[in-house]
Amino acid sequence: MSIDMTKVWAHRGASAYAPENTIPAFQMAMEMGADGLELDVHESSDGKLMVIHDERIDRTSNGTGRVVDMTCQQLKKLDFSNGMPGYKDVRIPTLREVYGLIKDSRMTVNVEIKCDVVIYPGIWDKVISLEREMGMQGRIIYSSFNHYVLQKVRELDPDAEIGLLYANAMVDPWVYAKYLNANAIHPNYRAALLCPSLMEGCVKNGVAVNPWTVNEAKDVMALAAKGANAVITNCPDVALRALGR
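A few points on the structure. Source: prediction; values computed, not measured.

For soluble globular proteins, nonpolar side chains are generally found buried alongside one another. Counting 62 residues, the largest nonpolar core has Leu-39, Leu-95, Tyr-99, Val-111, Ile-123 and Tyr-142 as its most contacted members. Considering every element that reaches this core, the biggest residue donor is helix α4 (residues 123-133), with 5 residues. In this structure Tyr-142 touches Asn-110, Val-111, Ile-113, Val-127, Ile-128, Glu-131, Leu-150, Val-153, Ala-160, Glu-161, Ile-162 and Gly-163, once residues within four positions along its chain are discounted. By size, the runner-up hydrophobic cluster in this structure holds 10 residues, among which are Met-50, Ile-57, Val-67 and Leu-75.

Of all the 6 residues making up strand β4 (residues 108-113), 5 are buried; the element is thus mostly covered by neighbouring parts of the structure. Across 6 bridges, strand β2 (residues 36-43) lies against β4 in parallel orientation. Its bridge partner being in β4, Gly-36 is matched across the sheet by Thr-108. For β4 and strand β5 (residues 140-144), the ladder comprises 4 bridges, and the chain directions are parallel. Across the sheet, Val-111 pairs through a bridge with Tyr-142, a residue of β5.

What counts, and at which threshold
Residues numbered from 1 in each chain as written. Predicted model: local features only at pLDDT ≥ 70, side-chain atom pairs only at ≥ 80, totals over all residues. Heavy atoms only, no water. Core = buried A, V, L, I, M, F, W, Y, C linked by side-chain atoms within 4.5 Å. Buried < 20%, exposed > 50% of the residue type's maximum accessible area, 1.4 Å probe, protein only. Helix = DSSP H or I, 4+ residues; strand = E, 2+ residues; numbered from the N terminus. Contact = heavy atoms within 4.5 Å. Pairing = 2+ DSSP bridges.

Printed below as a string of structure tokens:
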């Protein structure tokens, strides 16, 4: 794979410049020319798919509490501008709203299903149903640190793309990926760069590598040179420039 084939996926949108996991961050990523978005999904108490990273709203909003304990309407009343200059009264989006925003583009969406601290039984059914309803088939890759969730996604839709999220070193991750019938691994970018033969083994065995969170131009270039399918970055403009785009 040549360097210019590596895709740029905006981590929680263009989150270095706009409030993470919000419509302004996703719009900015689109305007910068990112190839895709990475976002995180939890469930509200009334079963809506809410785009937010943390189990709690305390860090990114002016509220407090857990997503799972609040309705969509309650969450929508809060300001998720995360204290970023120039932003005020930014609302938390639903996954449906994000799909509506990018539906007419060609962007890929990496949906990270959050089932780590809080488990959301049946969330796999909801994400697959929404993908089909919104006509987003072929444009979604599901990832999670909870690989049992990805097995559920695979059972529901044999054609779904899944990427195994992990943070630390793993020996021969392509073997594990093949065992779970995964399309990709999503390692911490340091693991992708430093673990012996990780990139070479995955490329040779047809397992895509989409590392996170790659914010330095030199690391973007190094991963692209090794054959990364996509880099997940807070700074899509930096990554695109590094790739000559």
